[in-house]
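Inside the fold
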Amino acid sequence: MTTLTDQVAVAEEDVTGTVAPVLEVTDLTIRYGGVEKVHPTSFTIGRRERVAIVGESGSGKSSIANALGGFIPPGVGEVSAATMSLSGRSLPAEKAQRIPARRQGISMIFQDAMSSLDPIWSVGSQLAAVLPKSRYGSRKDRVAAAEARLEQVGIVEPRRVMSSVPGQLSGGMRQRVMMAIALASEPELLIADEPTSALDASLAVSVMELMTGLTIENGASLVFITHDIALARRFADKVLVMQAGSVVETIAAADLDHATHPYTRGLLECMPTLSSAQLERLPTLDTVMREETAA
Ligand SMILES: Nc1ncnc2c1ncn2[C@@H]1O[C@H](COP(=O)(O)OP(=O)(O)O)[C@@H](O)[C@H]1O
Ligand SMILES: [Mg+2]
């Protein structure tokens, strides 16, 4: 069995020992109705790197994900960037596909699997639609590849699931199907916006294990958004901490204990642990921030 620690150092390093970037973003700025909600933000994501975006509600996490995924069309908001490129290619301006949510090279998944899947198409036809045509030309090849994709997410009866529509499956199965479809188009980058927020803690951990394992197997990079810094620490290589529309700290997950920004420290101190669970009251971010500021 591979342990989590084994899975952690897999971001692909080039000969110079630096992670080759898949995604490069410089001065990404997002406005809604003329109001700047994401201030100029720059970051890179390495090949096979897993990056978590954490921060409080309204800090701009989903806006960044949606801008990358192509889900902020003009009329909804204005996205501008000096650079926004995937493997050196500028991200195309054309609108992303809604279901399954994707643009060339990038797939997106959301908290609610139903909103990422077409309710009336069978799972098999949704999978077949995103498999690269160049590789799976014949119907027979596509059926075999679709079955293999479902087996990869731990589905033991792929034939039955392929002929089902999403509504006929349990919530857990739909999550798996959603991941299979998101990866079937062989994206370079998978973006997951709060994929586990609707799940209880133990299910959240198993979904994260499945998702990080799959992105590694598929050679993709992963950006996942979470408000749970414990999940970020456990499953990411790198963490971007957002507050009020800005990335206030970028830090290796392994170095989180040495985070310097008071906001990151606040998030860490609010993390329930076995010892803090014995406190009568968990500290809230407000009280921690006040103490940090007063100190
Ligand atoms: N479609 C939209 N129209 C107007 N304002 C929006 C829209 N989407 C997000 N915002 C605003 O942008 C800010 C960041 O939101 P969001 O990216 O959803 O944050 P997060 O995902 O961190 O909770 C918030 O103030 C939110 O109200
Ligand atoms: Mg959000």
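First things first, this report covers the structure right here in the doc. Predicted model only: the values in this text are computed from it and were never measured.

**Overview of the overall build of the chain**
Looking only at helices and strands, the chain has ten helices and twelve strands in total. The 295 residues of the chain split such that 46% are buried. The contacts in the chain between residues at least 6 apart in sequence include a share of 64% that link residues at least 24 apart. Just so you have it, the chain exposes about 14,300 Å², and 53% of that area is on carbon and sulfur atoms.

**Some remarks on the pairing of strand β10 (residues 221–225)**
With respect to burial, β10 is a largely interior element, five of its five residues being buried. Burial of β10 is two-sided: the residues S221, V223 and I225 facing one way and the residues L222 and F224 facing the other way are all buried. Examined bridge by bridge, strand β9 (residues 189–193) and β10 share five bridges and lie parallel to one another. Bridge pairing in β10 places D193 opposite I225.

**Notes on helix α4 (residues 139–152)**
Relative to the 20 Å expected for 14 residues at 1.5 Å per residue, α4 spans 20 Å between its end C-alpha atoms, a close match to the ideal helical length. Those residues of α4 lying buried are A145, A146, E147, R149 and L150. Considering only its buried residues, α4 is in contact with α3 (123–130), α5 (158–162) and α6 (171–184). Directly after α4, the chain includes G154, whose backbone phi takes a positive value near 85 degrees.

**A closer look at the site of ligand 1**
Close to ligand 1 lie Y32, K37, E56, S57, G58, S59, G60, K61, S62, S63 and V76, which account for all nearby residues. In this structure, an oxygen atom belonging to ligand 1 sits 3.4 Å away from a side-chain N or O atom of K37. For ligand 1, an oxygen atom lies 2.7 Å from a polar atom in the backbone of G58. Contact with the protein chains covers 62% of the free accessible surface of ligand 1, which is 560 Å².

**What to know about the pairing of strand β2 (residues 35–46)**
Across eight bridges, strand β1 (residues 21–32) lies against β2 in antiparallel orientation. What sits directly across from Y32, in β2, is V35. Where β1 hands over to β2, the hairpin turn is made up of two residues, of which G33 adopts a positive phi near 55 degrees.

**As for the pattern of salt bridges**
A pair can form between side chains of opposite charge whenever their charged atoms are brought close. Per the counting criterion, the structure on display carries ten salt bridges. Its salt-bridge partner being E186, residue R135 comes within 2.4 Å of it at the nearest N-O pair. Here the residue R135 occupies a position in the loop between α3 and α4, and E186 occupies one in the loop between α6 and β9, the gap between them amounting to 51 residues. Looking at R135, the relative accessible area reads 47%, which means it is partly exposed. Among the salt bridges present, the one from R160 reaches E157, with a minimum N-O distance of 3.1 Å. Note on E157: relative accessible area 43%, which makes it partly exposed.

**Details of the environment of P132**
Take P132: it is sitting in the loop between α3 and α4. In sequence terms P132 and R142 are ten residues apart; their C-alpha atoms lie 9.2 Å from each other.

**Describing the nonpolar core**
With 51 residues, the main nonpolar core has L150, V177, M211, F224 and V239 as its most contacted residues. Considering each element in turn, this core owes the most residues, nine residues, to α6. Mapping this core onto the domain boundaries places at least three of its residues in each of domain 1 (1–87 + 224–255) and domain 2 (260–295). If you look at the next biggest cluster of nonpolar residues, it comprises 30 residues, including L28, L86, A96 and L189.

**As for the packing of aromatic side chains**
Tallied over the entire structure, the rule returns one aromatic pair. Here F71 and F110 contribute two aromatic rings whose centre-to-centre distance is 6.5 Å and whose plane-to-plane angle is 70 degrees, an arrangement assigned as edge-to-face. Pair noted here: F71 is in the loop between α2 (61–69) and β4 (78–80) and F110 is in strand β8 (residues 106–110), with a separation of 39 residues, a long-range link. Each of the two residues, F71 as well as F110, counts as buried.

Thresholds applied
- Residues numbered from 1 in each chain as written.
- Chains lettered and ligands numbered in written order.
- Predicted model: local features only at pLDDT ≥ 70, side-chain atom pairs only at ≥ 80, totals over all residues.
- Heavy atoms only, no water.
- Helix = DSSP H or I, 4+ residues; strand = E, 2+ residues; numbered from the N terminus.
- Buried < 20%, exposed > 50% of the residue type's maximum accessible area, 1.4 Å probe, protein only.
- Contact = heavy atoms within 4.5 Å.
- Areas by Shrake-Rupley, 256 points an atom, 1.4 Å probe, with all protein chains shown as cover.
- Pairing = 2+ DSSP bridges.
- Expected span 1.5 Å × (residues − 1).
- Near = heavy atom within 4 Å.
- Polar contact = N/O pair within 3.5 Å; in protein donor to acceptor, adjacent residues only side chain to side chain.
- Salt bridge = Lys/Arg side-chain N within 4 Å of Asp/Glu carboxyl O.
- Core = buried A, V, L, I, M, F, W, Y, C linked by side-chain atoms within 4.5 Å.
- Domains from an automatic or database assignment.
- Phe/Tyr/Trp six-rings, centres within 6.5 Å; stacked < 30°, edge-to-face > 60°.

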